[in-house]
Amino acid sequence: VLCLFPMEPPIYAAHGVDARFVGHPMADAMPMQPDRAVARAALGLPSDSALLALLPGSRLGEIHRLLPVFLAALPIIAAQRPGMEVVLPAANAACRAAIQSALAQARPPLPVHVVDGRAGEAMIASDVVLLASGTATLEALLAKRPMVVAYRISGLTYAIVKGLGLLKTDRYSLPNALAGQAIVPELMQHDCTPEKIAAAVLAWFDDPARIAALAPRFADIHAQL
C-alpha cells in the first residue's frame, strides 16, 4: 500500500499490511514560500487590506450547513476589523449559486469577493483562512496560512455517531493530525458558532507572533510530505 501521509504506515503495520509513505502530490504543487502579493494581484484583490478567506466546502450540503454560520461571524469580526475584506472561492456553478443566495440573505458587513475556483490562490492571498474540515486544510497548511477549522454535520447523524461510540479521534483536521498536536483551532458541531468562529479568527489577527511561530511548523510538515 502506498500512503500519502507519514502517520499511515504504522496503522497499516498494526494489521500486518506492508505500507510505504511516498508523500502527497499537493506538497509538490505548492511552493515552499507562496507569494501573497502575486496571488492578490492575480485575483484582483486589494494589496493592502486585511483579507480573510472563507472556504465552507465544495459540496452543496456543506455550503448550506456552514456558510450561514461563517457569514454570521462576519459582523462580529467587522466590529474589531472594519477594514477587512473577504474572498470566497466557489468550486463550481452550483456552489456559486448557493453562495450568492446565502450572501443575499445574510448581507454581510464586509466586502465579499466571490471567485470561481482558484481556492489555492485565495488561501495564498489571505491573511487568515476560515474553512471546513477536509482536504482544503492541507492546502491551507501548504500555503503557510493560519486557519480556523470548523465543521457541522446534521444533528441526527451526530447523535448516532456519539451514541454508538463511533467517534474515535480528538483531532479532526489534517494539520493537527500531521503535527500530532493541536496547532490550529478546531470548532466542531456545537462549537461551530458565529461567536466562537469570530473569536478564533480575531485571535490570529491579534497575535502576529503566534502566526510567525506557526509558519516554520507548517514548513516542516511541508518538507516531510
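On a predicted model such as this, the values are computed, not experimentally measured, just so you know.

About the cut-offs
Residues numbered from 1 in each chain as written. Predicted model: local features only at pLDDT ≥ 70, side-chain atom pairs only at ≥ 80, totals over all residues. Heavy atoms only, no water. Helix = DSSP H or I, 4+ residues; strand = E, 2+ residues; numbered from the N terminus. Contact = heavy atoms within 4.5 Å. Polar contact = N/O pair within 3.5 Å; in protein donor to acceptor, adjacent residues only side chain to side chain. Buried < 20%, exposed > 50% of the residue type's maximum accessible area, 1.4 Å probe, protein only. Pairing = 2+ DSSP bridges. Right-handed = clockwise from strand over helix to strand, strands pointing away. Patch = residues over 30% accessible without salt bridge, like charges linked within 9 Å, V, L, I, M, F, W, Y side chains within 5 Å. Areas by Shrake-Rupley, 256 points an atom, 1.4 Å probe, with all protein chains shown as cover. Salt bridge = Lys/Arg side-chain N within 4 Å of Asp/Glu carboxyl O. Expected span 1.5 Å × (residues − 1). Arc of directions from axis to C-beta. Phe/Tyr/Trp six-rings, centres within 6.5 Å; stacked < 30°, edge-to-face > 60°. Lys NZ or Arg CZ within 6 Å of the ring centre and 35° of its normal.

Draft legend 1. Quick look at the environment of R145. Position of R145 among the secondary structure elements: in the loop between α7 (136-142) and β7 (147-151). Residues R145 and L214, 69 residues apart in the sequence, show an inter-C-alpha distance of 8.5 Å. Dropping the residues within four chain positions of it, R145 is found in contact with P34, R36, M123, I124, S126, D127, V129, A140 and F218. Of note is the side chain of R145, whose polar atom sits 2.7 Å from the backbone oxygen of I124. Within the local environment of R145, its side chain forms a polar contact with the backbone oxygen of S126, the two atoms lying 3.0 Å apart.

Draft legend 2. Representation of the pairing of strand β3 (residues 51-55). β3 sits mainly inside the fold: five of its five residues count as buried. Pairing of β3 with strand β4 (residues 85-90), which is carried by three bridges, proceeds in the parallel orientation. Considered in β4, the bridge of A53 is made with V87. As a crossover connection, the stretch from β3 through helix α4 (residues 60-80) into β4 is right-handed. Of the pairings in the sheet, the one linking β3 to strand β6 (residues 128-132) comprises four bridges and is parallel in character. Considered in β6, the bridge of A53 is made with V129.

Draft legend 3. Structural context of the side chain of H222. Positionally, H222 belongs in helix α11 (residues 208-224). Not counting chain neighbours up to four residues away, the residues in contact with H222 comprise A27, M30, P31, M32, L141, L142 and K144.

Draft legend 4. Up close: a nonpolar patch on the surface. A contiguous nonpolar surface patch, about 220 Å² in accessible area, is contributed by V1, Y12 and V17. Position of Y12 relative to the elements: it lies in helix α1 (residues 8-13).

Draft legend 5. Main features of α11. An ideal rise of 1.5 Å per residue puts 24 Å on 17 residues; α11 measures up with 25 Å between its terminal C-alpha atoms. What α11 keeps buried is the set L214, F218, I221 and H222. Within α11, the buried residues cover an arc of 95° as seen down the axis, which keeps them to one side. Relative to its buried face, α11 has exposed residues pointing more than 90 degrees away, namely A209 and A223. Taken together, the buried residues of α11 touch α2 (25-29), α7, β7, α9 (174-179) and α10 (194-205).

Draft legend 6. Here's a closer look at the packing of aromatic side chains. Taken as a whole, this structure holds zero aromatic pairs when the rule is applied. For R210, the ring lying beneath its charged end belongs to W204, and the centroid distance is 3.6 Å.

Draft legend 7. Structural detail: helix α3 (residues 36-43). If you check which residues of α3 are buried, you get A39, R40 and L43. Angularly, the buried residues of α3 cover 100° about the axis, an arc narrow enough to put them on a single face. Residues A37, V38 and A41 are exposed on α3 and point more than 90 degrees away from its buried face. Looking at the packing, one finds that the buried side of α3 touches β3, β5 (112-116) and α6 (119-125). Backbone nitrogen of A37 and a side-chain oxygen of the N-cap are separated by 3.0 Å at the start of α3; the cap is D35. Downstream of α3 by a residue or two, G44 has a phi angle that is positive, lying close to 70°.

Take it as geometry only, folks, not as evidence of what the structure does.
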